[in-house]
Amino acid sequence: MADNNETAQNKMNKDGGGSSENGDCSTSQNGSNLEEEAKKRRTRTPSPNSPDNGHPQFTVPASPPKFITFEQLMAAADGVEKMKLAHEIVVNGDFKLEPSSHKADSFQKQVSDIVHKAFWDCLKVKLAEDPPDYSQALELIKEVKQVVFSLLLPQHARFRAQIDEILDLDLIKQKIDNDAFDIYYYSNYVIGVMARLCAPIRDDQIAALKEKKEIIPLFREIFSVLDLMKMDMANFTIQQMRPYLQQQSVEYEQTKFKEFLKTQEENGIDGLQYTKMWLKRNFEKLYHQEQTSIAGASGSNATPASIMNEAYMELLQWDQEKQLFPETLLMDQLRLNELQKDIGRLSLIASILLITYSTVGESIAGIKDLKAVLKSHITTILEDVSEAGVKTHILNVGEQVKKEVNNSLLEHGFPILSESVQKALVGQITEMSSTQHPVHQLMLTRVLSFIKESIISQQVQSLKVPVGFSAVECELTKHLGNFLRLISHNRSVFGAYYADIISTLLSKQQDLSPA
């Protein structure tokens, strides 16, 4: 059991990614207004005469919405939440459950602390009576037994029977009534059971339990470690189930999405409204390119595959203020937003490094590890910085790069940069905060072309990393792998809907084409 849990624990100790998927928690008043407006736009029926960013031309205006019962609403919400959880486990390779916690100053934390303190204070009073009142201690042992049983696997039948025999609540009560109860005997036995069941990462905490002699702190810590062990077991189970979930999740998500569409339809809402707009926008983009290019005369660029590839690429350049996310990608919106930020940040880092080496010149070209040092410092400064916040941090980046370059030159026996070069270096790096800067734009174009090529070929290994991105190759490969896995799963789940929408678009375009 410990060996099995070790795998889950090793996974829990990784820095996920998770994280990254939460985004910036601070919201301005303007952001709140935009969010409110987005909700209104999603629920109202657009005018059939509105432009492309309103109502798609090939859809029929929705009928007035019907009333929905509270039970229907809760059932739909429950289905979506279950689908989101299954989807998260499958798409996010670093997914793991975390112990629930509240902020130190939150109301929930205050209530929890008060309740727990009252419980342990009551236990302390009862144990201090003469003779001690062990009734509450018996309840503790009962709860410990239940938690321990929840950690056992089916093959632990003999171990379960042994625990049941030792922690026999009727026998313990008889011992209490006959003044033969030894609470330390049972606490030591429980610690021994925990030592057999826990993952290796909990060994130190188990050892610390054996050193505690006071009953109240001991049992408080026992429950704390048991909670962690339950989390370990849950994550181990998720890890073991992931291959099975990957096989079943496509069908499961399709079923749940059909239920969602049916609920929307019953209330006069087109559940694919924004998905249609998304695909239509990219179809028209390709069709326009075809009409304005010589190459378009020899064959159509607007094929189902090219439309989908173009649509997926738009997700990495999404305009949060002007466009609403497709319904088929709502569960991945935060993750895609983070990927968009990550790709943009890598482009910025690559741009800064390119400017640095071109400005300073040959004196640093052969210095080993300098590029890695610069990348590390730039990444640290820009970590968790929003796109708007880059402008306020970019000067710090310039100063740090200047400092590291001068330090490196001195270490290798070169003179530091002249004042004019230092000033030019910091100035050019500062200008990189704008995505309209030619160098920044060039690097962003390169990385997006690389990602698009990867989508078309559906593989990464044989593709050459874009020029200027060698320093961030590992990060780029990781983000690209996540993106490919995400869109591959999305295509598997919603491919039939995409095919129908694109078929309608192509048919309408053929009907409008001259004979």
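Visitor: Could you give an account of helix α15 (residues 390–411), naming the residues involved and the relevant values?
Guide: Taking 1.5 Å of rise per residue, 22 residues should cover 32 Å, and α15 covers 31 Å from first to last C-alpha, within 8% of that figure. Every buried residue of α15 is listed here: V390, I394, V397, G398, Q400, V401, K402, E404, V405, N406, S408 and L409. Contact partners of the buried residues in α15: α13 (333–360), α14 (370–382) and α16 (419–431). Among the residues trailing α15, G413 stands out with phi positive, at a value near 80°.

Visitor: Got a sec to walk through the side chain of S249? Specific residues and values, please.
Guide: Tracing the backbone through its elements, the reader meets S249 in helix α10 (residues 215–266). Every residue in contact with S249, bar those within four places of it in the chain, is listed here: V90 and H489.

Visitor: Lay out the confidence of the model for the chain with the relevant residues and their values.
Guide: This prediction gives the chain a mean pLDDT of 79; 76% of its residues lie at or above 70. Long-range and interchain partners of residues 1–32, a stretch whose pLDDT sits below 50, account for 52 contacts in this model, where long-range means more than four residues apart. In this model, residues 38–70 is a region of pLDDT below 50 whose contacts with residues beyond four sequence positions or in other chains number 51 contacts.

Visitor: Quick one: what's the story with the packing of α13 against α15, residue by residue and with numbers?
Guide: Axis separation between α13 and α15 bottoms out at 12 Å; the angle between their running directions is 40°. In terms of orientation, α13 lies oblique with respect to α15. Between α13 and α15 lies a crossing of right-handed hand. Two secondary-structure elements touch here, α13 through L348, I352, T356 and V360 and α15 through V390, I394, V397, V401 and V405. Taken together, the residues of the contact of α13 with α15 break down into 8 nonpolar, 1 polar and no charged.

Visitor: Can you explain the packing of aromatic side chains? Please cite residues and give values.
Guide: Applying the stated criterion across every chain yields a total of 13 aromatic pairs. Between the aromatic rings of F494 and Y498, the centroid separation amounts to 6.5 Å while the plane-to-plane angle is 45°, which identifies the pairing as tilted. Here Y498 and F494 lie together in helix α18 (residues 473–512), a separation of 4 residues that amounts to about one turn. Put simply, the rings of F257, F260, W278, Y312, F494, Y497 and Y498 touch in pairs and so form one group of aromatic residues. Above the face of the F149 ring, R160 is positioned so that its terminal group lies 4.9 Å from the ring centre. We note R196 situated over the ring of F159; from NZ or CZ to the ring centre the distance is 4.0 Å.

Calculation rules
- Residues numbered from 1 in each chain as written.
- Predicted model: local features only at pLDDT ≥ 70, side-chain atom pairs only at ≥ 80, totals over all residues.
- Heavy atoms only, no water.
- Helix = DSSP H or I, 4+ residues; strand = E, 2+ residues; numbered from the N terminus.
- Expected span 1.5 Å × (residues − 1).
- Buried < 20%, exposed > 50% of the residue type's maximum accessible area, 1.4 Å probe, protein only.
- Contact = heavy atoms within 4.5 Å.
- pLDDT = per-residue confidence, 0-100.
- Axes fitted to C-alpha atoms, helices over the stretch in contact; angles between N-to-C directions.
- Parallel < 35°, antiparallel > 145°, perpendicular 65-115°, else oblique.
- Left-handed = near helix turned anticlockwise from the far one by under 90°.
- Nonpolar A, V, L, I, M, F, W, Y, C, P; charged D, E, K, R; others polar.
- Phe/Tyr/Trp six-rings, centres within 6.5 Å; stacked < 30°, edge-to-face > 60°.
- Lys NZ or Arg CZ within 6 Å of the ring centre and 35° of its normal.

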